[in-house]
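Read off the chains here:
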Amino acid sequence: MPADAPVAVRVEDQSKRYRVLFNGQTLADSVKTRLLFEGKHHPVIYFPLADVRQEFLTPTAHTSVCPHKGTASYWSVKVGDKAKDNIVWGYKAPLGDSAGIAGHVSFYWKEVDGWLEEDMPLLGHARNPYSRIDTLRSGRRVTVKHRGEVIADTTRAVFLYETGLPPRYYIPMADVRRDQLGDSALKPVCPCKGEAPYLTAPLASGEVKEIAWYYKEPWPEVALIKDLLAFYPDRVDAIEVAAK
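What you see is a predicted model, and the numbers here were worked out from it, not measured in a lab.

Peer 1: Tell me about the packing of aromatic side chains, residues and numbers included.
Peer 2: One pass over the full model with this rule turns up twelve aromatic pairs. Measuring from centroid to centroid gives 5.8 Å for F47 and F107, while their planes differ by 85°, and the two rings are edge-to-face. Of this pair, F47 sits in strand β5 (residues 44-48) while F107 is found in strand β9 (residues 104-107), placing the two residues 60 residues apart along the sequence. Pair check on accessibility: F47 and F107 agree, each one buried. Ring geometry for F107 versus W115: centroids 6.3 Å apart, planes at 85°, classification edge-to-face. Taken together, the ring pairs connect F47, F107, W109 and W115 into an aromatic cluster.

Peer 1: Which residues make up the nonpolar core, and what values do they have?
Peer 2: L27, F47 and F107 are the most contacted members of the largest nonpolar core, which has 23 residues in total. Elements that contribute at least two residues to this core include exactly β2 (18-22), β3 (25-30), β4 (34-38), β5, β7 (70-79), β8 (82-91) and β9. The residues contacting F107, other than those within four sequence positions of it, are V20, L27, A28, F47, V52, I87, V88, W89, V112 and W115.

Peer 1: Account for the environment of K209, with residues named and values stated.
Peer 2: Mapped onto the elements, K209 comes out in strand β21 (residues 208-213). Classification of K209 by relative accessible area gives partly exposed; the value is 31%. Each residue touching K209, except ones within four places of it in the same chain, is listed here: L199, T200, A201 and L203.

Peer 1: Break down unusual backbone geometry for me, with residues and values.
Peer 2: Although it is not a glycine, N86 sits at a positive phi angle of roughly 55°. You can see N86 is positioned in strand β8. Residue classification places N86 among the partly exposed residues on the basis of a relative accessible area of 23%. The backbone of D227 sits at a positive phi, close to 65°, despite the residue not being glycine. For D227, a relative accessible area of 32% puts it in the partly exposed group.

Peer 1: Tell me about the sheet that holds β8, and name the residues and values.
Peer 2: Strand order in the open sheet made by the seven strands is β1-β4-β5-β9-β8-β7-β6, with antiparallel pairing throughout. The open sheet is flanked by β1 (9-13) and β6 (57-66), the only strands paired with a single partner. For this sheet the average axis-to-axis angle between neighbouring strands, irrespective of direction, equals 35°. With five bridges connecting them, β1 and β4 associate as antiparallel partners. Looking at the pairing, V9 lines up with E38 of β4.

The rules behind each value
Every chain's residues receive numbers from 1 upward, in the order its sequence appears when written. Owing to the predicted nature of the model, reporting of local features is limited to residues with pLDDT of at least 70; listing and counting of side-chain atom pairs is limited to 80 or more, with chain, interface and lining totals taken over all residues. Note that water and hydrogens are dropped before the side-chain values are worked out from all heavy atoms of the structure. Any two rings among Phe, Tyr and Trp, with Trp reduced to its six-membered ring, count as a pair given centres within 6.5 Å; such a pair is stacked if its planes are under 30 degrees apart, edge-to-face if over 60, and tilted if neither. A run of H or I in DSSP counts as a helix once it spans at least four residues, and a run of E counts as a strand once it spans at least two, with each numbered from the N terminus. The buried label applies to any residue whose accessible area, calculated with a 1.4 Å probe on protein chains only, is under 20% of its type's maximum; exposed applies above 50%, and partly exposed to all values in between. What makes a nonpolar core is a set of buried Ala, Val, Leu, Ile, Met, Phe, Trp, Tyr and Cys residues whose side-chain atoms join them at distances within 4.5 Å. The contact rule is simple, with two residues in contact once any of their heavy atoms fall within 4.5 Å. We call two strands paired when DSSP finds no fewer than two bridges between them. Think of each axis as a best-fit line through the C-alpha atoms, taken over the contacting stretch in the case of a helix, with angles from 0 to 180 degrees between the N-to-C directions.

What follows is the structure, encoded as structure tokens:
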């Protein structure tokens, strides 16, 4: 997309309780947050300044400019013996459709110690309330091939359909050749599914990549995928799914 192409921006009120944690303190706690949607980015949670512990914030001279939102001001955070610079930002005079975040601030996700959505950990980024996930058991045969060999073959998969993404096929461990896969230190997180340990395997080039993942403790909404493996389609030779 060209740099000057129009980007859809909108702001919506939220009624969920969100909290931001830092060094044993709650930096922000609100049931009156606003969610900013900007193009294809993940939504961003903005807190009213009245619901932020401003005694822990110090304004800085740092600024940044967004063509869709305007000029952002920044604050550093210090709680006890822990401090981080420029991890809070807000727009004093946001532009156009982002005007609803005036008087609100947000936090760099990875620079704080944690986020809560009501009393549940919120991982990775804010959830998109317009994204739906369906998990469905299926008897259709799913075969995964890697380096010319079949490394997974099942008629007991769980198909996961997530808004805006291609289907994922979660396969029971018993139907996967685990001797072809090794453990990875990477454990990315998904706010809708949980933490996902990766598994590695050699590619055709000889390079080893993370090609599969699973959830040991998925969120209740996707409990059917617990301990089932899914594969990246572009990191294996093929994922074949029977039509019926």
